[in-house]
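Each chain, letter by letter, is given below.
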Amino acid sequence: MSTVSSFVPDIDNLAEIPKDADGAVFAAPWEAKAFALVIHLHQRGCFAWQDWVDVLASEIAADKARPAPTPYYLLWLAAAERIMTACGLVDPGALVAAQAALQAGQLAPTGHHDHAHDHGDHAHPH
Amino acid sequence: MSTNHNRPLSDVEIRVKALESLLVEKGLVDAAAVDALIDTYEHKVGPRNGAQVVARAWQDPAYKARLLADGTAAIAELGFTGMQGEDMVVVENTLDTHNVIVCTLCSCYPWPTLGLPPVWFKSAAYRSRVVLDPRGVLSEFGLEIPAEIRVQVWDSTSEIRYMVLPERPAGTEGWHEAQLAALVTRDAMIGVAKVTHPNE
């Protein structure tokens, strides 16, 4: 995939991103996934980094008007959904349908769980 | 008990998964590349929690005893929680046993202590082969376990996550906890590496 840039955007220009001296900090796997999807699509040239910074900043600015602050990566995810639908990468209707399907899948008694399994005794001595 | 294997996804997890699945479907996202990116950014933040647990256990025998007796509670003492209800079990490497962890059927991983799983941890090759031929897999990681030492493979269950307490390297007597923690790697806590003295 020669079209994929190896350029890794500088996250320092993202105000308020949770990080420590080593870099970005994620409180849960979904946060890291949401983070990586945005970086990946930018690297593939789907949108300019500055456009992302602007969309995210507008989500953060809108949140300032709310009585209680929204966790950072919820704003990140909302901004990601916005930029991806705005650029035509993702169809808004398809997104809602995919969410509904995932929700329905796990409500159905025989729903598909790719993680579901019942282990018995798990130590394998060798 | 709710579990990471089959607990319902939260609304936010569903939103992320829906987005990802559409992007993968359209060929816009390569799942392996996304995992590699997470690795790049996540640095050592996650594993650093586990490293602190290990360093404390090396320094404080009473803490080590609590850690081996009830991993979840002892890890929570250091402020590391966030598990989904599953228990942490810490398995200690000893003179006659080396431990390695896996989740054979998916990729359950003690992320509050070890961060996000490395890409290979989730690979079908690692998951199936480490059980069948642990010594062979470890040697591919550059870790040769002598024949007289038993290799024990710990497979995550729906309710238990494992973490390895590696051996403290020789020559680190008198070191501070922070110095010790800096030596502890993610791979050592998975069991595919040993902790080594920096001069080794």
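Structure shown above.
Scope of this entry: the structure provided in the associated data block. In this text the structure is predicted, and so the values were computed from the model without any measurement.

Quick notes on the overall build of chain B
Counting its secondary structure elements, chain B contains 10 helices and 4 strands. Along chain B, helices and strands appear, N-terminal first, in the series α-α-α-α-α-β-β-α-α-α-β-β-α-α. Relative to its full complement of 200 residues, chain B shows a buried share of 52%. Within chain B, contacts between residues at least 6 apart in sequence are counted, and of these 72% link residues at least 24 apart. A total of about 8,500 Å² of accessible surface is found on chain B, and carbon and sulfur atoms cover 55% of it.

Some remarks on the overall build of chain A
Regarding its fold elements, chain A presents 4 helices and 3 strands. Sequence-ordered secondary structure for chain A, helices as α and strands as β, is β-β-α-α-α-α-β. By the burial criterion, 40% of the 126 residues in chain A qualify as buried. Pairs at least 24 residues apart make up 60% of the contacts formed inside chain A by residues separated by at least 6 positions. When the accessible surface of chain A is summed, it comes to about 6,500 Å², and 59% of that surface belongs to carbon and sulfur atoms.

A closer look at helix α1 (residues 29-43) of chain A
Helical periodicity: at 3.6 residues per turn, an α-helix aligns residues three or four positions apart in one direction. All names here are of chain A. Its 15 residues place the ends of α1 21 Å apart at the C-alpha level, agreeing with the 21 Å of an ideal helix rising 1.5 Å per residue. With 14 of its 15 residues buried, α1 lies for the most part within the structure. Just downstream of α1, G45 is the residue with a positive phi angle, here 85°.

Considering the nonpolar core
One finds W52, W76 and M84 of chain A together with L23 and Y126 of chain B to be the most contacted residues of the largest nonpolar core, which totals 89 residues. In this structure, Y126 of chain B is in contact with V100, I101, V102, W120, F121, V137, F141, I190 and V192 of chain B, ignoring residues within four places of it in sequence.

Describing the pairing of strand β3 (residues 150-155) of chain B
On a regular strand, each side chain points to the face opposite its neighbour's, so the side chains alternate between the two faces of the sheet. Residue and element names in this part refer to chain B. Summarising burial for β3: 5 of the 6 residues are buried, a large majority. In this structure, strand β2 (residues 97-102) lies alongside β3, joined through 6 bridges in parallel fashion. Residue H98 lies in a different strand from β3, and its bridge partner there is V151.

Overview of helix α2 (residues 49-64) of chain A
Residues and elements named next belong to chain A. Between its first and last C-alpha atoms α2 spans 23 Å; for 16 residues at 1.5 Å apiece the expected length is 22 Å, and the two agree. Those residues of α2 that fall on the buried side of the exposure criterion are W49, W52, V53, V55, L56, E59, I60 and D63. Projected down its long axis, α2 shows its buried positions confined to an angular sector of 165°, all on one face. Turning to α2, the residues buried within the fold contact α1 and α3 (72-86).

Here's the deal with the packing of aromatic side chains
All names here are of chain A. Tallied over the full model, the rule gives 12 aromatic pairs over all chains. Taking 4.8 Å as the distance between ring centres and 65° as the angle between the ring planes, the aromatic pair formed by W52 and W76 counts as edge-to-face. Here W76 lies in helix α3 and W52 lies in helix α2, a separation of 24 residues in the sequence. Neither residue differs from the other here; W52 and W76 are each classed as buried. On the basis of an interplanar angle of 50° and a centroid distance of 5.6 Å, the ring pair of Y73 and W76 is categorised as tilted.

Some words on the side chain of H197 of chain B
Residue and element names in this part refer to chain B. As for its placement among the helices and strands, H197 is situated in the segment after α10 (186-190). A distance of 3.4 Å separates the side chain of H197 from the backbone oxygen of G171, its partner in a polar contact. With sequence-adjacent residues up to four places away left out, H197 is seen in contact with P169, A170, G171, T172 and W175.

Quick look at the pattern of salt bridges
Under the counting rule described, the total for this entry stands at 10 salt bridges over all chains. Its salt-bridge partner being R82 of chain A, residue E59 of chain A comes within 2.8 Å of it at the nearest N-O pair. Of the two residues, E59 of chain A is situated in helix α2 and R82 of chain A in helix α3; the sequence distance between them amounts to 23 residues. The partner of E81 of chain A in a salt bridge is R15 of chain B, with the nearest N and O atoms 2.9 Å apart. Taken together, the positions of E81 of chain A in helix α3 and R15 of chain B in helix α1 (residues 11-25) put the pair across two chains. The class for E81 of chain A is buried, based on a relative accessible area of 13%.

Points about the environment of T97 of chain B
All names here are of chain B. Among the secondary structure elements, T97 is positioned in strand β2. For T97 and I149, which are 52 residues apart along the polypeptide, the C-alpha to C-alpha distance reads 5.4 Å. Among residues more than four places away in sequence, those in contact with T97 are I149, R150 and Q152. A polar atom in the side chain of T97 sits 3.2 Å from the side chain of D96.

Description of the packing of α1 of chain A against α1 of chain B
For the pair α1 of chain A and α1 of chain B, interaxial distance at closest approach is 10 Å and the crossing angle is 30°. Judged by the angle between their axes, α1 of chain A and α1 of chain B are roughly parallel. Handedness of the α1 of chain A/α1 of chain B crossing: left-handed. The residues of α1 of chain B that touch α1 of chain A, namely those facing W30, K33, A34, L37 and L41 of chain A, are V12, E13, V16, E20 and L23 of chain B. Among the residues making up the contact of α1 of chain A with α1 of chain B, the classes are represented as 7 nonpolar, no polar and 3 charged.

Criteria and thresholds
- Residues numbered from 1 in each chain as written.
- Chains lettered and ligands numbered in written order.
- Predicted model: local features only at pLDDT ≥ 70, side-chain atom pairs only at ≥ 80, totals over all residues.
- Heavy atoms only, no water.
- Helix = DSSP H or I, 4+ residues; strand = E, 2+ residues; numbered from the N terminus.
- Buried < 20%, exposed > 50% of the residue type's maximum accessible area, 1.4 Å probe, protein only.
- Contact = heavy atoms within 4.5 Å.
- Areas by Shrake-Rupley, 256 points an atom, 1.4 Å probe, with all protein chains shown as cover.
- Expected span 1.5 Å × (residues − 1).
- Core = buried A, V, L, I, M, F, W, Y, C linked by side-chain atoms within 4.5 Å.
- Pairing = 2+ DSSP bridges.
- Arc of directions from axis to C-beta.
- Phe/Tyr/Trp six-rings, centres within 6.5 Å; stacked < 30°, edge-to-face > 60°.
- Polar contact = N/O pair within 3.5 Å; in protein donor to acceptor, adjacent residues only side chain to side chain.
- Salt bridge = Lys/Arg side-chain N within 4 Å of Asp/Glu carboxyl O.
- Axes fitted to C-alpha atoms, helices over the stretch in contact; angles between N-to-C directions.
- Parallel < 35°, antiparallel > 145°, perpendicular 65-115°, else oblique.
- Left-handed = near helix turned anticlockwise from the far one by under 90°.
- Nonpolar A, V, L, I, M, F, W, Y, C, P; charged D, E, K, R; others polar.

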